[in-house]
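Listed here are the chains, written in short residue letters.
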Amino acid sequence: MTDAQPGRPTENAMRRALKRARDGVALDTAEAAVLLQARGEQLRDLSASAARVRDAGLEAAGRPGVITYSKKVFIPLTRLCRDRCHYCTFVTVPGKLRREGHGMYLSPDEVVEVARQGAALGCKEALFTLGDRPEDRWPEAREWLDAHGYDDTLAYVRAMAIRVLEETGLLPHLNPGVMSWTDLQRLKPVAPSLGMMLETTATRLWSEPGGPHHGSPDKEPAVRLRVLEDAGRSNVPFTTGVLIGIGESYEERADALFQLRRIQRQYQSIQEVIVQNFRAKPDTAMRAMPDAELEELAACIAVARHILGPAARIQAPPNLVDAEYALIVGAGIDDWGGVSPLTPDHVNPERPWPHIDQLAERTRESGFELRERLTVYPEFIARGEPWLDPRLLPHVRALADPETGLAREDALPEGLPWQEPDEGFTATGRTDLHRTIDTEGRTGDRRADFDAVYGDWEALREQAAPGMVPQRIDSDVREALAQVADDPTRLSDDQALALLHADGPALDALCSIADDLRRATVGDEVTYIVTRNINFTNVCYTGCRFCAFAQRRTDADAYTLSLDQVADRAAQAWEVGATEVCMQGGIHPDLPGTAYFDIARAVKERVPGMHVHAFSPMEVVNGASRTGLSIRDWLTAAKEAGLDSIPGTAAEILDDEVRWVLTKGKLPAADWIEVVRTAHELGLRSSSTMMYGHVDQPRHWLGHFRTLAAIQQETGGFTEFVTLPFIHTNAPVYLAGIARPGPTTRDNRAVTAMARVLLHPHITNIQTSWVKLGAEGAAEMLRSGANDLGGTLMEETISRMAGSRYGSYRSIEDLRAIATLAGRPARPRTTLYGEVPAERVAAAEASDGHLPELLPLAD
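This is a predicted model, so every value here is computed, not measured. Along each chain, numbering runs from 1 in the same order as the chain's sequence is written. Two thresholds apply to this predicted model, a pLDDT of at least 70 for residue-level local features and 80 or more for giving and counting side-chain atom pairs, whereas whole-chain, interface and lining totals are computed over all residues. Computation of side-chain values covers all heavy atoms of the structure but excludes hydrogens and water.

Observations regarding the packing of aromatic side chains
How two aromatic rings sit relative to each other is given by the distance of their centres and the angle of their planes. Whether two aromatic rings pair depends on their centres lying within 6.5 Å, for rings of Phe, Tyr and Trp, where Trp uses its six-membered ring; planes under 30 degrees apart make the pair stacked, over 60 edge-to-face, and the rest tilted. For the structure on display, the rule yields 15 aromatic pairs. Where Tyr692 meets Trp701, the ring centres are 5.9 Å apart and the plane angle is 75°; that geometry is what we call edge-to-face. Here Tyr692 and Trp701 have matching classes, each one buried. With 5.4 Å between their ring centres and 65° between their planes, Phe705 and Phe721 make a pair best called edge-to-face. Accessible area is worked out with a 1.4 Å probe on protein chains only. A residue is then buried under 20% of its type maximum, exposed over 50%, and partly exposed in between.

Remarks on the side chain of Thr68
For Thr68, the position within the fold is in strand β1 (residues 66–78). In this structure Thr68 comes out as buried when scored by relative accessible area, which is 2%. We call two N or O atoms a polar contact when they sit within 3.5 Å, provided that within protein one can donate a hydrogen and the other can accept it, with sequence-adjacent residues counted only if both atoms are side-chain atoms. Within the structure, Thr68 has its side chain in polar contact with the side chain of Asp335 (distance 2.5 Å). Once residues lying within four places of it in the same chain are set aside, the contact partners of Thr68 are Arg63, Asp334, Asp335, Trp336, Gly337, Leu370, Arg371, Arg373, Tyr377 and Leu406. Only DSSP runs of H or I with at least four residues qualify as helices, and only runs of E with at least two residues qualify as strands; both kinds are numbered from the N terminus onward. The criterion used for residue contact is that any of the two residues' heavy atoms lie within 4.5 Å.

Notes on the packing of helix α24 (residues 595–606) against helix α26 (residues 631–641)
A pair of packed helices is characterised by two quantities: the angle between their axes and the separation of those axes. The axes are straight lines fitted to the C-alpha atoms, using for helices just the contacting stretch, and the angles between their N-to-C directions are given from 0 to 180°. At their nearest, the axes of α24 and α26 sit 8 Å apart, and the two run at 20° to each other. Here α24 lies roughly parallel to α26, going by the angle between them. Relative to α26, α24 is oriented so that their crossing is right-handed. Residues Tyr596, Phe597, Ala600, Arg601 and Lys604 of α24 form the contact with α26, whose participating residues are Trp634, Ala637, Ala638 and Ala641. Classification used: nonpolar for Ala, Val, Leu, Ile, Met, Phe, Trp, Tyr, Cys and Pro, charged for Asp, Glu, Lys and Arg, polar for all others including Gly. When the residues that make up the contact of α24 with α26 are grouped by side-chain class, the tally is 7 nonpolar, no polar and 2 charged. For classification purposes, angles smaller than 35 degrees are called roughly parallel, those larger than 145 roughly antiparallel, those between 65 and 115 roughly perpendicular, and all remaining angles oblique. By the definition used in this description, the sense in which the near helix is turned from the far one sets the handedness, with an anticlockwise turn below a right angle giving left-handed and a clockwise turn giving right-handed.

With respect to the state of the cysteines
Our working definition of a disulfide is a cysteine sulfur pair at a distance within 2.5 Å. As enumerated under the stated definition, the model contains 0 disulfides in all. The cysteine Cys81 is free of any disulfide, with Cys85 supplying the nearest cysteine sulfur at 6.5 Å. Here Cys85 is not cross-linked by a disulfide; its sulfur's nearest cysteine counterpart is in Cys88, at 6.2 Å.

Given below as structure tokens:
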């Protein structure tokens with residue numbers, strides 16, 4: 001086929017591979033590469049075994065003998081692109097668009113008109129196809145977006161998807177190219193499914209001059225694989241696939257299929273895999289390249305079926321198979337993809353869609369019934385949360401057969417409002433958990449969807465293995481200690497790593513130096529704050545594997561507070577001397593996009609003087625994506641609603657190598673940094689944190705400290721650094737046998753001491769956690785470089801749900817006693833480490849900083 005292809009495999013190699021396929025034995029890459037070359041009778045043998053796998057999958061899915069398709073319209077939102085793929089005729093240039101009388105983008109009216117015409121014909125999918133980020137290459141695209149009030153192309157995609165939903169009822173399927181994790185959060189609420197072809201994992205086709213993807217930044221295989229992984233982490237039903245015949249070798253083709261299998265096993269997010277054959281087109285750089293033959297396509301479909309298994313949905317576009325329907329069906333497909341009675345295939349305009357009646361007849365000739373589906377597959381409709389945004393459920397339910405999840409073929413789409421669920425902010429569930437967690441405990445040690453919500457545990461074990469046993473290093477600890485004592489700001493990375501591994505007398509010496517540095521920097525007083533934690537909901541589907549707090553809405557321990565309950569708890573805290581409420585919650589899919597603003601406003605209206613310290617960077621991104629605002633605009637609006645500062649939680653370890661073991665769907669490190677920097681620029685200060693002692697190593701701690709120090713040098717916005725030892729007892733990642741059972745005492749001392757050293761002189765306040773360490777442990781950290789005890793809390797459920805044994809509140813006298821254990825005086829502080837007003841001190845002293853035992857809870 002291409003210069004990259006070796007000679008044909010031997011007959012023995014083919015016979016062995018075919019037998020393994022017939023016997024259902026797992027194939028490796030070499031065997032798959034052999035089978036990709038099956039032709040003639042060998043292909044018929046391969047296809048027969050692949051078809052049996054497909055049929056078993058359809059039987060298990062409850063639709064035996066059914067091949068599906070989606071009735072759609074094709075909306076080419078823009079034909080401009082920053083990439084230069086050598087086979088593409090879809091993409092054009094601004095001058096040609098102008099000469100043909102077209103705009104740089106379809107106008108909103110043009111988009112809606114195409115969708116409206118499709119709805120009248122019974123179409124149910126609006127396929128948005130467009131080039132990647134054309135504004136990065138074409139000034140005309142940037143000018144069009146600016147003139148029409150859109151920050152970027154994806155903002156326009158989002159807006160048009162909402163208009164299609166509201167004005168026509170068609171379900172958008174978005175193919176905007178490469179998307180970041182944040183982009184996926186922006187687009188998931190407006191489309192039941194998204195997609196991007198992987199095409200190939202052959203990096204040389206992108207990196208080498210003359211390759212089909214050379215000069216196309218979005219076609220780097222590593223970038224595209226990252227998109228597929230981020231979609232999985234974000235619980236997005238995702239369409240992808242391979243493009244065969246563009247110069248890849250059979251081994252590279254097989255590798256692409258194995259990569260898709262890896263991602264599917266880990267995230268269960270790939271709803272369909274398209275196997276598409278290259279077709280040469282005139283006026284392209286690859287016009288002389290031979291088309292991929294149909295037997296080659298069939299072999300790839302059959303191999304894909306064997307690799308991906310019976311549960312995979314495998315598709316081949318029916319307009320590219322030259323009427324060889326039986327060959328393609330026989331190879332193992334179960335879907336024909338989107339077929340339009342209205343719009344052409346804009347990517348392959350020379351290949352018209354078959355009439356649906358014709359496609360049904362040809363499918364029937366192969367022994368199958370053709371049935372219409374929606375853009376989102378039945379399996380994902382059945383899964384429900386968190387795969388479909390609540391704002392999309394009415395649109396999907398209007399078109400889906402409630403029994404099969406396929407399309408109601410007699411349904412004509414009608415526009416429906418795209419809006420928040422009606423129930424909004426109402427109190428539900430175990431709203432007294434903050435109190436009863438200490439008396440009754442949690443109902444079970446894990447949530448009901450433990451085996452599904454966190455991804456594939458086996459894949460995670462392999463991924464986490466390097467972090468299970470921290471590596472030792474061979475370095476001179478004495479030299480490093482001398483450098484810390486002389487000038488900690490000049491400590492090298494090698495020296496810092498040596499000290500993070502220190503033990504015995506070396507660790508004692510390190511903690512003593514850190515304690516001296518603390519005394520010289522902030523003095524001897526131990527600070528604390530009279531505060532109340534308010535966790536307004538624990539319903540969450542993000543899939544953080546370290547978190548025992550999150551629950552499904554139907555779990556026994558799930559709850560959500562009403563706005564009145566949040567405000568009541570803030571008022572109760574004010575009465576007993578609090579200066580701050582710290583408010584965080586789960587990523588509840590039903591809370592309105594304005595929920596965070598409403599929470600801050602409710603507290604400020606009830607208690608104007610209360611400092612609102614709320615909303616982790618993960619919650620900030622969630623709020624921004626739900627409202628369609630930028631991070632900056634969202635934080636500005638939150639500040640106007642009453643937000644005073646943000647907690648620097650959701651950081652865990654700022655290294656994605658660790659983050660993607662700890663969490664399935666939480667924001668990447670770069671996004672956490674962006675949120676924090678933006679908050680600081682807007683005058684919203686934050687704490688900083690690190691959770692350690694799970695699948696991490698000291699080198700990750702060092703990188704985390706360096707990152708925080710660099711941000712602080714740039715913004716000056718961090719108020720303190722908080723050590724968060726991992727609580728393992730009920731943590732899913734520990735229950736699955738992947739994480740360590742939390743940090744050792746040595747780890748805690750080393751982290752606290754090195755936080756003081758490595759963050760000096762930029763972050764001067766180092767906080768230890770009595771919730772996680774208890775009184776004795778916290779006192780030890782105060783002797784190792786820490787100067788702050790955090791807050792009275794009054795209520796605390798996150799660490800207690802994880803299995804912390806140290807209660808959910810401490811009185812002022814309790815905190816003072818911890819300072820006394822460390823041989824130090826104590827004083828109250830504000831969130832920003834200022835002096836506490838006398839009136840607040842008096843109120844706190846009168847109540848000892850905690851709620852009366854019988855204080856009623858608002859219902």
